[in-house]
Amino acid sequence: NADTAMYHAKERGRNNYQFFRHDMNTRAVERQLVESNLRRALEHGEFTLHYQPKVNLESGRITGVEALLRWQHPDWGLVLPERFIAIAEECGLIVPIGNWVLRAACMQAVRWRDAGIAAASIAVNVSALEFRHRDFFDRLLAIVTETGADPACLQLELTESVLMRDVATSAALLAKLKAMGVQIAVDDFGTGYSSLSYLNQFPIDVLKIDQSFVKAIDGGMKSNGAIVGAVISMGRNLHQQVIAEGVEDEAQFAFLKAHKCNEGQGYWFSRPVEAMQMQAMLRAGVCA
Ligand code: C2E
Ligand code: MG
Ligand code: MG
Ligand code: MG
């Protein structure tokens, strides 16, 4: 609402009242527009998933994919998550959208299995509201059962802040998910202000080092890769797989490989692509 918009505008340190009003109105209008279009998008099947490969840094082989939501709007064209995920969370639409994503990812996993492509894991991003929803586990179980997907092929990506919001509830839910066979990844690792001792108590399979730390590798200074190096050795000691996100150039790739990071994901290997392109890469086993 307007108060919230005003609050955020003030928070950003903008002091001009005229600017506030303008900013406040356009934000509210944009939000309304996106929200009403999102409702229609679900009914009209405007969502699609793109896939980005995760690559074993030692062998160069694809180990799995991350499903990334795309919105094909009839007038606006391809809309990226940063334009609509936050709004979908605010108005609660993320729950039905998230169900659609989980179902679509499971259906794709089954299609790839039926096409004879070696079981590639599909990672799905789960937002705070979805994870906290009391029906989350039951709905996931229903989707996995209905689609016939192998839960072991499914990986849920959760951010630290989602996990840390209510540690006891998270731990109980993660235990149920693990018992079902689903894998758990911590997304954007290092950007939340979480306690490492709590994180250590969760059954986490994968740590995804946030892009910002990977970007810092090329800085030229030796200390720039320090955080990445520290996360890699922590993951190794805790028996977690470590994936570096946002790998864009050869220097980053070489650094990560030299430091024995397990996997990488980023434009250096492949951008997110449509399912058919991903299928061709999965068949080849390596990025095109
Ligand atoms: P994320 O889960 O951290 O996903 C990684 C993002 O980094 C993706 O952006 C991906 O396209 C982008 N990326 C990959 N490699 C590179 C690279 O080398 N350089 C740079 N600069 N970027 C790279 P995308 O697809 O726009 O998604 C943004 C965020 O939106 C995701 O961040 C995730 O938090 C959220 N998101 C995406 N799909 C879903 C979904 O189905 N459900 C929910 N709840 N959130 C989603
Ligand atoms: Mg992710
Ligand atoms: Mg991430
Ligand atoms: Mg992110």
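Residues numbered from 1 in each chain as written. Chains lettered and ligands numbered in written order. Predicted model: local features only at pLDDT ≥ 70, side-chain atom pairs only at ≥ 80, totals over all residues. Heavy atoms only, no water.

Q: Got a minute to help me understand the confidence of the model for the protein chain in this structure?
A: Reading fine detail from the predicted coordinates is not recommended where pLDDT is low. Residues of the protein chain with pLDDT of at least 70 account for 90%, and the chain-wide mean is 90. Here residues 1-20 is a poorly scored stretch, pLDDT under 50, and it has 16 contacts once near neighbours within four places are set aside; other chains count. The ipTM assigned to the predicted complex is 0.98, against a pTM of 0.91. (pLDDT = per-residue confidence, 0-100. Contact = heavy atoms within 4.5 Å.)

Q: Would you mind showing me how to read the site of ligand 1 here?
A: As a matter of local geometry, ligand 1 sits amid 23 residues, with R70, N125, D187, Q211 and E248 nearest to it. In the environment of ligand 1, an oxygen atom lies 3.0 Å from a nitrogen or oxygen atom belonging to the side chain of E66. Among the secondary structure elements, those contributing two or more residues to the shell around ligand 1 are β2 (62-73), α3 (81-90), α4 (94-114) and β6 (183-189). For the shell around ligand 1, the element with the most residues is β2, which contributes four residues. (Near = heavy atom within 4 Å. Polar contact = N/O pair within 3.5 Å; in protein donor to acceptor, adjacent residues only side chain to side chain. Helix = DSSP H or I, 4+ residues; strand = E, 2+ residues; numbered from the N terminus.)

Q: What am I meant to see in the pairing of β2 here?
A: The element β2 is largely enclosed, with a buried count of 10 among its 12 residues. Strand direction decides the pairing type here: strand β1 (residues 47-56) and β2, joined by nine bridges, are antiparallel. Looking across to β2, one finds that H50 is bridged to L68. Here β1 hands over to β2 after five residues, with G60 in that stretch at a positive phi of 80 degrees. As judged from the four bridges shared by β2 and strand β4 (residues 121-125), these two strands associate in the parallel manner. Looking at the pairing, V65 lines up with I122 of β4. Pairing between β2 and strand β3 (residues 77-79): three bridges, direction antiparallel. Counted as the bridge partner of H73 is G77 from β3. Following β2, the chain reverses through three residues before pairing antiparallel with β3. (Buried < 20%, exposed > 50% of the residue type's maximum accessible area, 1.4 Å probe, protein only. Pairing = 2+ DSSP bridges.)

Q: How should the coordination of the magnesium ion (ligand 3) be read in this particular structure?
A: Donor atoms from the polypeptide that bind the magnesium ion (ligand 3) are D187 (OD), D188 (OD), E245 (OE) and E245 (OE), placed at 2.1 to 2.3 Å. All donors of the magnesium ion (ligand 3) come from a single chain, and their spacing in sequence reads D-D-x56-E. A separation of 4.1 Å is found between the magnesium ion (ligand 3) and the magnesium ion (ligand 2), which share D187 as a coordinating residue. Of this pair, D188 sits in strand β6 while E245 sits in the loop between β8 (241-244) and α12 (250-258), and the two are 57 residues apart along the sequence. For E245, a relative accessible area of 8% corresponds to the buried category. (Donors = N, O, S within 2.8 Å, 3.2 Å for Na, K, Ca; no water.)

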